[in-house]
Structure formats: structure tokens, C-alpha cells
Amino acid sequence: WMTSVYASCSSYVLGQLLGPAEACNLINDAAKHPSKKPPCFAVRALHILTHLADVTLAVDGGASHIGKSRSRHFWNALQSSCDVWVSIDDDVSASRDTLAWLLGAVEGDSPVVCVAPCLLRNGDAINIEWSPVYYEKTVLPPGGSVRRIRTAGFGLVAMNRAAMNAAAKAAPTWRDLDGQLKPAPFLESITENGEWRGEDVSFFHRLPREVERLALTSGKTLHAGHELALEILKS
């Protein structure tokens, strides 16, 4: 038995250069048959995922509104029969061990969201707000570890079906172009102090308390050419 994964990736830049349909075809083909010059960083990670799980791959080559695009991917993952949704940005990649630990962290029936932290594009910060309560535990396969977070960026994230269900119930709804009412967990929001809250942080702020929020502290990620060894996040 293999975990079934709905893996989604959006590529606005390729979509603008080649057209949305051609960008989708290019990334889909490259994920199945990687080359020395992949069209985007995410292709390598998507290819590795196909060897770790039963993957349904969804690529959006026309995403111009990130919150709407993520919400559509979320809805499609929710409507699928997959156990786990993995969301990856086109400029992010990760090692095989990292992806295996990411999937291991969200195994089980209790709701869990796990992030693989990345360096930001400037290379000197990470996309994580840690929980004020330090909590760390091991995950399978052996050697994996995670730490509790409050919010994070969505460069590379996995969540199980229980977490998807909880996020859907807590989200506002919107009517998409196809006429269907869908949850909008990535709708941007305004804080009580009047500050703008981006789509990723808004997602975590809407998550019910029973959803465990974790970040990997083992493995390696790559964001826009910046590599991060996640072991440095243990303390």
C-alpha cells in the first residue's frame, strides 16, 4: 500500500512565457521524464514524489492570483480520493529524504499540516513563525524530526485529509467561475491592527486548534537556488 498524494504546482512565469496550457504540459512531462535542464526547480521534487507515493499531479500554468490558485488546488485535492495534499511552488525543490519525512509527518488519522522550511529569496531568512512553546518529535522514516510552528509560507507543504477537512470547515466560501461554491482557506485578510495578512499566514490563522502545525527539522530544501539544511532549525 502506498500513500496517495494530490500534488499541485503553479507556475505563473512559465505560463506567461509559453502560455498556460503549454506550461502545464511541459511541467507534467518533465516530472515524469526529468532532464538536465528542467523547466523549473519543482520538477525534480515532483519526480521524486512519484517514487514515494501514488501521485496525482495537477499543474496550473495560468495562476496570477496566488490565494485563488491555492484555494482551487485545495478544493481539487479535497474532491479527490487522495490521502494527502502536497503543495509545491515552482521555484522550490527538496531531497528524497525530505519528501519522505514530509509524507511521514502527516500519516495517520489526526489532522496534521507539515511544512518543509525554505530560505526566502534573499537567502538570509526562513518562511516560518515558530510556536512560542518549543516542541519537537521524531517522524518516520527513521532520522526524521519536526518542530511545532504557528504559521509558515507555503513553498512546500503537506497536509492529510483530516487537516483538509478541518481547514475547509473553517474557511469562508466563494463562487468560482464554474458556478460552484468552494472554500477559500487562502483568502487574504486584515489583522485587528489593520495590517495586511497574506494568503499563507491567513490560512494558518483560520486553522482550527485541533490541527497540528509542524515544520521539518531534518532534510534539505532549495528555494530559488538557496539551499537550506533543516537540521539548523532544531534549536
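Student: Any chance you could break down the environment of Leu 216 for me, citing the residues and the numbers?
Tutor: Secondary-structure assignment places Leu 216 in strand 14 (residues 212–216). Between the C-alpha atoms of Leu 216 and Leu 228, which are twelve residues apart in sequence, the distance is 11 Å. In contact with Leu 216, other than residues within four places in its own chain, are Thr 98, Trp 101, Leu 102, Cys 114, Val 115, Ala 116, Pro 117, Ser 145, Val 146, Leu 230 and Leu 233.

Student: Which residues make up the packing of aromatic side chains, and what values do they have?
Tutor: Throughout the structure, instances matching the rule amount to eight aromatic pairs. An angle of 75° between the planes, with centres 5.1 Å apart, marks the rings of Phe 154 and Phe 203 as edge-to-face. Here Phe 203 lies in helix 7 (residues 199–206) and Phe 154 lies in the loop between strand 8 (144–152) and strand 9 (156–160), a separation of 49 residues in the sequence. In this pair, the class of Phe 154 matches that of Phe 203, namely buried.

Student: Explain a nonpolar patch on the surface residue by residue, including any values.
Tutor: On the surface, a cluster of nonpolar side chains totalling about 480 Å² of accessible area is made up of Tyr 12, Val 13, Leu 17, Leu 18 and Leu 26. The biggest single contributor to the nonpolar patch is helix 1 (residues 12–18), with four residues. Relative to the elements of secondary structure, Val 13 occurs in helix 1. Under the relative-accessibility criterion, Val 13 is labelled exposed at 53%.

What counts, and at which threshold
- All residue numbers refer to position in the chain's written sequence, counted from 1.
- Per-residue local features are limited, in this predicted model, to residues with pLDDT of at least 70; the limit for side-chain atom pairs, both in listing and counting, is 80 or more; totals at the level of whole chains, interfaces and linings are taken over all residues.
- Side-chain numbers here rest on the full set of heavy atoms in the structure, without hydrogens or water.
- In this description a helix means any DSSP run of H or I spanning at least four residues, a strand means any run of E spanning at least two, and both kinds are numbered starting from the N terminus.
- Pairs of residues are marked as contacts when any of their non-hydrogen atoms sit within 4.5 Å.
- Stacked, edge-to-face and tilted are the three classes for Phe, Tyr and Trp ring pairs, Trp counted by its six-membered ring, which pair at centre distances within 6.5 Å; planes under 30 degrees apart are stacked, over 60 edge-to-face, the rest tilted.
- The cut-offs for exposure are 20% and 50% of the maximum accessible area for each residue type, with area from a 1.4 Å probe on protein chains only; residues under the lower value are buried, those over the upper are exposed, and the others partly exposed.
- Residues enter patches when they are more than 30% accessible in relative terms and free of salt bridges; like-charged ones are connected within 9 Å and nonpolar ones (Val, Leu, Ile, Met, Phe, Trp, Tyr) within 5 Å.
- For the area figures, the Shrake-Rupley method with a 1.4 Å probe applies, and any residue is considered shielded solely by the protein chains shown.
- Basic side-chain nitrogens of Lys or Arg form a salt bridge, by our definition, when they fall within 4 Å of a carboxyl oxygen of Asp or Glu.

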